[in-house]
Amino acid sequence: LTQAANTTSTITQAPLSLNAVTDSKTYNGNTNSSGVVSITGLVGGDTVTGLGQSFQNKNVLGANASTLQVNGGFTVNDGNTGGNYNVTTNTAAGTINPAALTVSTANLNRMYDGTTNATGAAPVVTGGTLFAGDTLAGGTFAFTNKNVGTGNKTVNVSGVTVSDGNAGANYTLTQAANTTSTITQAPLSL
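This write-up is about the structure you can find in this document. (Residues numbered from 1 in each chain as written. Predicted model: local features only at pLDDT ≥ 70, side-chain atom pairs only at ≥ 80, totals over all residues. Heavy atoms only, no water.)

## Description of the sheet that holds strand β16 (residues 178-184)
Quick reminder of the rule: We call two strands paired when DSSP finds no fewer than two bridges between them. Helix and strand assignments follow DSSP, with helices taken as H or I runs no shorter than four residues and strands as E runs no shorter than two, numbered in order from the N terminus. Between N-to-C directions, angles span 0 to 180 degrees; the directions come from axes that are lines fitted to C-alpha atoms, helices contributing only their stretch in contact.
Spatial ordering of the open sheet is given by β11-β16-β14-β13, a layout of 4 strands whose pairing is mixed. Of all strands in the sheet, those bounded by a partner on one side alone are β11 (109-111) and β13 (135-143). Each neighbouring strand pair of the sheet contributes to a mean axis angle of 40 degrees, computed without reference to strand direction. Taken together, the 8 bridges between β13 and strand β14 (residues 149-163) define a ladder with antiparallel strand orientation. Residue Ala137 lies in a different strand from β14, and its bridge partner there is Thr161.

## Topic: unusual backbone geometry
What counts here: Residue exposure (1.4 Å probe, protein chains only): buried if accessible area is under 20% of the type maximum, exposed if over 50%, otherwise partly exposed.
Backbone geometry at Thr81 places phi at a positive 45 degrees, although glycine is not the residue there. Take Thr81: it is sitting in the loop between β7 (75-77) and β8 (85-90). Here Thr81 falls in the exposed class, since its relative accessible area comes to 82%. The backbone of Ala167 sits at a positive phi, close to 55 degrees, despite the residue not being glycine. Looking at the secondary structure, you find Ala167 in the loop between β14 and β15 (171-175).

## Regarding the pairing of strand β10 (residues 99-105)
Here β10 lies mainly inside the structure; 5 of its 7 residues are buried. In this structure, β10 lies alongside β15, joined through 5 bridges in parallel fashion. Considered in β15, the bridge of Thr102 is made with Thr174. Sheet topology note: the β10/strand β12 (residues 123-128) ladder contains 5 bridges and is antiparallel. Across the sheet, residue Ser104 finds its bridge partner in β12, namely Val124.

## Remarks on the packing of aromatic side chains
Heads up, the rule is: Stacked, tilted and edge-to-face pairs are distinguished by plane angle, under 30 degrees for stacked and over 60 for edge-to-face with tilted covering the rest, among Phe, Tyr and Trp rings (Trp via its six-membered ring) whose centres lie within 6.5 Å.
Taken as a whole, this structure holds 2 aromatic pairs when the rule is applied. Aromatic side chains Tyr27 and Phe131 sit 5.7 Å apart centroid to centroid with 85 degrees between the ring planes, which places their arrangement in the edge-to-face category. Of this pair, Tyr27 sits in the loop between β2 (23-26) and β3 (38-40) while Phe131 is found in the loop between β12 and β13, placing the two residues 104 residues apart along the sequence. Plain terms: the ring middles of Tyr27 and Tyr171 are 5.3 Å apart, the flat faces sit at 75 degrees to each other, and that makes the pair edge-to-face. Linking Tyr27 in the loop between β2 and β3 with Tyr171 in strand β15, this pair joins segments that are 144 residues apart in sequence.

Pasting the structure below:
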């Protein structure tokens, strides 16, 4: 009796699904997600390492919706350089909410000139974070009255815009008055 091996049989790849999971966050200028990718279809002691997911876009989109995707760079550890699996990746729905941002102007110190002009005023962040690559622009600044006052003069702020590549939609913008500016006395010689 001779027992011969069959050398023409087949083992096909098993399906392996790597699934992004729903996640939400507040806008922070990047696409990072804290969600943990779910795995369906691993056999025996096989593992997948280097898994992660991210938002496809860093911006607040539409009705606060953004798609999550499985990041590349993962490794299927099956003793066959991943060849035992037919790998598919699946996306998931996510949400990026606007970040709160408060802007005002730095303290102003100018001499009385009979006007409410707030010369030298510029928008500054006084609450929240303006993330890397995003900038403030424009703005209208004016003292509430023309009279002298030290450290108690109010400068109203309006018209500031955020340039964030998303028409300012990545932020909920609050424009706050500066209430600690100064108008000093003008010299008058008789």
